[in-house]
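What follows is each chain in one-letter form.
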Amino acid sequence: MSARDEIFASIRRSLNVGAVDDPRRAAVAQRLAAPPIGIVPRRGHGDAAERLATFRAEAERVQATVAEVAVAAEVPAEIARFLRENNLPATLRFGDDPRLAALPWAETTLEISRGPSEGDDLNAVAAAFAGVAETGTLALVSGADNPTTLNFLPDNHFVVLFADDLVADVESVFARLREKYGPGALPRTVNFITGPSRSADIEQTLLLGAHGPRRLHVVVVSE
Amino acid sequence: MSVAATTPRFKANVHDALHDQRLQGALPHARNFIGRRADAAARLPEFDALRDSARAIKDHTLAHLDLYLEAYERKVVEAGGQVHYARDSEEAVAVILGICKARGAKVATKGKSMISEEIGLNAALEREGIAAVETDLGEYIIQLRGEAPSHIIAPAIHVTRDDIEADFRRLHRDLPSDRDLTQPEQLLSEARAILRDRFLSADVGVTGANFLVAETGTSLIVTNEGNGDLTQILPKVHVVLASLEKIVPTLNDVAQILRVLGRSATGQDMSVYTTLSTGPRRAGDPDGPEEYHVVLLDNGRSATLGGPFADMLRCIRCGACMNHCPVYHAVGGHAYGWVYPGPMGAVLTPLLIGVAEGGQLPNASTFCGRCEAVCPMRIPLPKLMRTWREREFARGLGSPLARGAIRVWSFFAKRPTLYRLAVEPAMRLLSLIGRGRGRFAWLPFAGGWTRGRDFAAPEGATFQSRWRAKSGATQ
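Residues numbered from 1 in each chain as written. Chains lettered and ligands numbered in written order. Predicted model: local features only at pLDDT ≥ 70, side-chain atom pairs only at ≥ 80, totals over all residues.

Let's talk about the interface of chain A and chain B
Size of an interface: often given as the accessible area lost when the parts come together. So the rule is basically this: A pair of residues counts as a contact when their C-beta atoms, built from backbone coordinates, are within 7 Å of each other. Every helix listed is a DSSP run of H or I at least four residues long, and every strand listed is a run of E at least two residues long, numbered separately from the N terminus. Lys, Arg, Asp and Glu make up the charged group, whereas Ala, Val, Leu, Ile, Met, Phe, Trp, Tyr, Cys and Pro make up the nonpolar group; the residues left over, Gly among them, are polar. When DSSP finds two or more bridges between a pair of strands, those strands are recorded as paired.
Taken together, the contact pairs 61 residues of chain A with 77 residues of chain B. Within the residue set of the side of chain A that touches chain B, elements represented by two or more residues are helix H1 (3-15), helix H2 (22-33), helix H6 (149-152), helix H7 (170-181), strand S9 (189-193) and strand S10 (198-199) of chain A. When residues of the side of chain A that touches chain B are assigned to their parent elements, the largest contribution, 10 residues, is made by H1 of chain A. The residue inventory of the side of chain A that touches chain B, partitioned by class, reads 27 nonpolar, 23 polar and 11 charged. Examined bridge by bridge, S9 of chain A and strand S9 (residues 273-277) of chain B share five bridges and lie antiparallel to one another.

A short note on the domain arrangement of chain A
To keep it simple, the criterion reads: Domain start and end points were adopted from an automatic or database domain assignment.
By the assigned domains, chain A splits into domain 1 (1-34) and domain 2 (41-221). The straight-line distance from the C-alpha centre of domain 1 of chain A to that of domain 2 of chain A is 41 Å.

Focus on helix H3 (residues 48-61) of chain A
One full turn of an α-helix is made of 3.6 residues, so residues set three or four places apart face in the same direction. Residues and elements named next belong to chain A. To keep things clear, this is the line we draw: Under the convention used throughout, the expected extent of a helix is 1.5 Å for every residue step, that is, one less than its residue count. Burial is judged by counting the other C-beta atoms within 10 Å of a residue's own C-beta: 20 or more makes it buried, 12 or fewer makes it exposed, and any count in between marks it as partly exposed, with every C-beta position built from the backbone. Arc, as used here, means the arc of the directions from the helix axis to the C-beta atoms.
When the terminal C-alpha atoms of H3 are compared, their 20 Å separation across 14 residues agrees well with the 20 Å that a helix rising 1.5 Å per residue should span. What H3 keeps buried is the set Arg51, Leu52, Thr54, Phe55, Glu58 and Ala59. Buried residues along H3 cover an arc of 165° about the axis, so they all sit on one side. In H3, those exposed residues whose orientation departs by more than 90 degrees from the buried face are Ala49 and Ala53. Contacts made by the buried residues of H3 are with strand S1 (65-69), strand S5 (130-132), strand S8 (166-167) and strand S12 (215-221). Looking at the residues trailing H3, positive phi occurs at glutamine 63, about 70°.

Side note on the domain arrangement of chain B
Under the domain assignment, chain B is made up of domain 1 (7-302) and domain 2 (404-474). Computed over C-alpha atoms, the centres of domain 1 of chain B and domain 2 of chain B are 49 Å apart.

Considerations on the environment of histidine 172 of chain B
All names here are of chain B. Tracing the backbone shows histidine 172 in the loop between helix H10 (161-171) and helix H11 (184-201). Taking the C-alpha atoms as reference, histidine 172 lies 28 Å from glutamate 118; in sequence the two are 54 residues apart. In contact with histidine 172, other than residues within four places in its own chain, are Glu190 and Ile194.

Considerations on helix H20 (residues 381-394) of chain B
Residue and element names in this part refer to chain B. Compared with an ideal rise of 1.5 Å per residue, which puts 14 residues at 20 Å, H20 spans 20 Å between its outermost C-alpha atoms and is within 8% of the ideal. Regarding H20, the residues found buried are Leu381, Pro382, Leu384, Met385, Trp388 and Glu392. One face of H20 carries all of its buried residues, which in axial projection span an arc of 160°. For H20, exposure combined with an orientation more than 90 degrees from the buried face picks out Glu390 and Ala394. Looking at the buried residues of H20, the elements they touch are helix H15 (320-323), helix H17 (342-353), helix H18 (355-358) and helix H19 (370-374). A positive phi of about 75° marks glycine 396, the residue just after H20.

Structural notes on the packing of helix H4 (residues 47-63) of chain B against helix H13 (residues 251-265) of chain B
Residue and element names in this part refer to chain B. Heads up, the condition is: Only the stretch in contact is used when a helix axis is fitted, and all axes are lines through C-alpha atoms; the angle between N-to-C directions ranges over 0 to 180 degrees. Orientation labels follow simple angle bins: below 35 degrees gives roughly parallel, above 145 gives roughly antiparallel, 65 to 115 gives roughly perpendicular, and whatever is left gives oblique. Take the far helix as your reference; a near helix turned counterclockwise from it by less than a right angle gives a left-handed crossing, and one turned clockwise gives a right-handed crossing.
Closest axis-to-axis distance for the H4/H13 pair is 9 Å, and the angle between their directions is 125°. Considering the angle they form, H4 stands oblique to H13. By crossing handedness, the relation of H4 to H13 is classed as left-handed. Together, Phe47, Leu50, Arg51, Ser53, Ala54 and Ile57 of H4 and Asp253, Gln256, Ile257, Arg259, Val260 and Arg263 of H13 make up the contact between the two elements.

Topic: the nonpolar core
The following threshold applies: Here, a nonpolar core denotes buried Ala, Val, Leu, Ile, Met, Phe, Trp, Tyr and Cys residues that are linked to one another through C-beta atoms within 7 Å.
Ala128, Ala139, Val160 and Val218 of chain A together with Ile96, Ala108 and Val295 of chain B are the most contacted members of the largest nonpolar core, which has 185 residues in total. Ranked by residue count, the leading element in this core is H13 of chain B, at eight residues. Filtering out sequence-adjacent residues up to four positions away, isoleucine 96 of chain B remains in contact with Leu121, Val206, Val239 and Val295 of chain B.

Things to note about the environment of threonine 218 of chain B
Residue and element names in this part refer to chain B. Note that threonine 218 resides in strand S6 (residues 218-223). Residue threonine 218 is classed as buried on the basis of its 29 C-beta neighbours within 10 Å. Taking the C-alpha atoms as reference points, threonine 218 and valine 248, 30 residues apart in sequence, are found 10.0 Å from one another.

Next up, the structure:
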């Protein structure tokens, strides 16, 4: 008997069930087809302004920084400002996301490069798939538009979040993912990111920038 | 096994731990978790309702585990991944070695995985000439020291910053001797620089999984450093190593359990990185692994289903039970002698290595009940430890003296009149002798207790006699 068969046989023996068991199969099929939503904290809910206020407060609690701009065209200037004020090199890398490519980068002195990270980029920007008010979390999806390596290898991570994509809770992000990628399917990687990288492995002292970015700056576009 | 179990020598381990000044200096850090968890729980009014929800989800999943596993496997394959089943540690190791050898791998980076400790993966890789590189900062530190984790989420909690500096100076050959490493930030920068090179040169990345999602065939890891992500997106091959009970039906179910996981573990509402991985790199993806494998380990878990220890399969490895355990606080994780310490380890270890080897651990409890009180999955840990004690007794294990004492006690406990006749005068006597100081520094037959602390003197009447008097008065 293969390992697989033996493990399944052992599970069914322990549960005292057979392989053909229609009521159990129906219960499983139903849950997978219509995933129930459990208890969702009230914290993330409210109108757009309340959601943004909660998102900002929660993101700042975990050492992210948040800026708001009225229109997307103001994003390059905001990133340039952040880099300048933190004495960081004026470089920036991003993928093929059309929402980022369309921005007026030439109006800044930023040196732009494109594509996934090879490990020597200091600064990168990505466009978020969604933001979660409840916990100040960003959701990013893999692909050529926003390569996953850009989320982890650079020291300073910028994320552009369009206000329409700021939802109350993680369940709402999952609903949007199902809508975009189809039921039961996901992109290769979905990253939920809540603050910059950290470790407390040395004497329980909180240190930022363990392996991933030391800084996470979110630019929320209101338009 | 990466480390031979020293669990049968538990008492000697405890003695050593209690007299280890360096360890005793590091252990108070473990208590920091208590306040953090309490604050996080207090900030979320729905916290306890979410614990009930999380428990119900896991119970439902375990009752349908075969079917959710089938659904999960189907989805992984649909996404281009491969699922491997392993009955035991040896099979899991063989599968992973096979994957590494097929790629001619020389370096395997590793995200933090307790299952990898359970199957002894690092030693097996090294035997085959494959460098296994732990990338979680705590795991990296203890790998340098040749130690096992002493905590399931804070593996180096027994180590001080001075120890780490000494280890880095001893083992990082390119480290200038005049580099200042006295501050934690400097130690982190040093480890980050060394590990960055290893991430970029690895052939295979091995991670664990906090959850496997049947709805989408997804493995999910929860980390703070980002090392798990660099481990899985940079090499050509991503191997996910997980035990069967990590299955969860849907993404919405994951959302429920995530809300209690971070809060119970480190007091975080969400860990920094919650990463969902589904299959290998897709057409058009500029990064990500070319191969995606899941190794599903049983190691006795399927046989645990439906039995007296089935509740333990709800465990999500948050570490809250050990963070709140007075025994763990006193002796640390290594004294437990195998992979899993604390109350969850005391229940799990005999299940995984047998009651003959691991049977001493369930005795390492005061039954204060804090572990159950904080367990996000509401696992009745004290009850499960008591069940192990009963089994240990039934199998004739344990010291003859303890067994004799239990027999004598049980003889009296079953005969209440005799019990009262024996106990009441004894308590009156102790009360009389001890009245002056209120405690005893020494008592016959209780040297094991009084060597370490005083024994409080009884105040006179026993509970039973006072209860009789009280109910007599009110009737």
